[in-house]
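Summary of structural features
In case you want the letters, here they are:
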Amino acid sequence: MMMILGMFVFKRRTLPFQSMTQESAYRWGAGSRVGARPTQQFLGIGDENITLVGELHPEITGGNAALSALKEMASGGRAWPLLSGEGQPYGMFVIESVNGVHSDFLASGTARTINFTLKLKRVDESLVAMFGDLKQQAVQTAGKVMQQAGQLMEDLP
């Protein structure tokens, strides 16, 4: 396993990527001064983007089905947790774009090679905020399960 986005697992048989680019921006504001360089003030953390680039060979690796699964996830408009293959959390990310370039076609029109680019954007404030949200979701889910279990117990003779 190379990486996980939500429930989608990146591995050799689904969507193996050959390169991953991480870009973290930091915002600075400039204040003009007479006769001196402008002062700089740190305004906060900016955008964090991850771009995955790879080449698929559908006979060996994933193909259109894997790209379609990511497009379906993107069309849901949700943020997904992104974890490295070692379990390191990167944060909550949305899918900004899924691009595929199909080439080397068979007589049936099936591409033997698909080059893809997947662009992700981080949307959570911090890992602490992300885990707080996950904890809140777990507590809410546990409460619902307990409530339903209680109703089932009441229905028993």
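Preceding this paragraph is the structure being described.
None of these values were measured; they are calculated from a predicted model. Sequence order as written defines residue numbering, which begins from 1 separately in each chain. Only residues with pLDDT of 70 or above have their local features reported here, since the model is predicted, and side-chain atom pairs are shown and tallied only from 80 upward, although totals for entire chains, interfaces and linings are computed over all residues. The side-chain quantities take in all heavy atoms of the structure and omit both hydrogens and water.

Thoughts on the pattern of salt bridges
This is how it is decided: Each reported salt bridge corresponds to a side-chain nitrogen of Lys or Arg within 4 Å of a carboxyl oxygen of Asp or Glu. Note on classification: 1.4 Å probe, protein chains only; a residue is buried when its accessible area is under 20% of the maximum for its type, exposed when over 50%, partly exposed between these limits.
Overall, the coordinates contain six salt bridges when judged by the stated rule. Aspartate 104 is the partner of arginine 112 in a salt bridge, and the nearest nitrogen-oxygen pair spans 4.0 Å. Judged by relative accessible area, which is 35%, arginine 112 ranks as partly exposed. Using a relative accessible area of 44% as the deciding quantity, one classes aspartate 104 as partly exposed. Across the pair aspartate 124 and arginine 122 runs a salt bridge, and its minimum N-O distance is 2.9 Å. Classification of aspartate 124 as buried rests on a relative accessible area of 15%. Three or more residues are tied together by salt bridges with common partners; here these are Asp47, Glu96 and Lys121.

Considering helix H1 (residues 64-75)
This is how it is decided: Elements are defined by DSSP. Helices are runs of H or I of four residues or more, strands are runs of E of two residues or more, and each kind is numbered from the N terminus. Each helix should span, by expectation, one fewer than its residue count multiplied by 1.5 Å. Our arc is simply the arc of the directions from the helix axis toward the C-beta atoms. Residue contacts follow a heavy-atom distance rule, with two residues in contact if any of their heavy atoms lie within 4.5 Å.
With 12 residues, H1 ought to run about 16 Å at 1.5 Å a step, and its terminal C-alpha atoms sit 16 Å apart, in line with that. When we look at burial in H1, the residues that qualify are Ala66, Leu67, Leu70 and Met73. On an axial view of H1, the arc spanned by its buried residues comes to 115 degrees, and they lie on one face. Seen from the open side of H1, the exposed residues pointing more than 90 degrees away from its buried face are Ala65, Glu72 and Ser75. Contact partners of the buried residues in H1: strand S1 (3-5), strand S2 (8-10), strand S4 (36-56), strand S5 (80-84), strand S6 (89-105) and strand S7 (111-122). Where H1 terminates, the next one or two residues include glycine 77, which has phi positive at roughly 70 degrees.

Concerning the pairing of S4
Along a regular strand, successive side chains alternate from one face of the sheet to the other. Filter applied, for reference: Pairing between strands requires that DSSP locate at least two bridges from one strand to the other.
By the bridge criterion, 13 bridges tie strand S3 (residues 19-33) to S4 in an arrangement that is antiparallel. Across the sheet, residue arginine 33 finds its bridge partner in S4, namely alanine 36. Here S4 runs beside S7; their pairing, made up of eight bridges, is antiparallel. When the sheet's bridge partners are listed, glycine 54 is paired in S7 with phenylalanine 116.

Quick notes on the nonpolar core
Where we set the bar: Put simply, buried Ala, Val, Leu, Ile, Met, Phe, Trp, Tyr and Cys residues joined by side-chain atoms within 4.5 Å make one nonpolar core.
The biggest cluster of nonpolar side chains holds 24 residues, and the ones touching the most others in it are Leu5, Phe10, Leu15 and Leu70. Elements with a contribution of two residues or more to this core: S1, S2, S4, H1, S5, S6 and S7. Tallying contributions element by element places S7 first for this core, with five residues. Once you skip the residues sitting within four places of it in the chain, leucine 15 turns out to touch Phe8, Phe10, Leu56, Ala66, Leu67, Leu70 and Phe116.

Coordinates in, geometry out; function isn't part of it.
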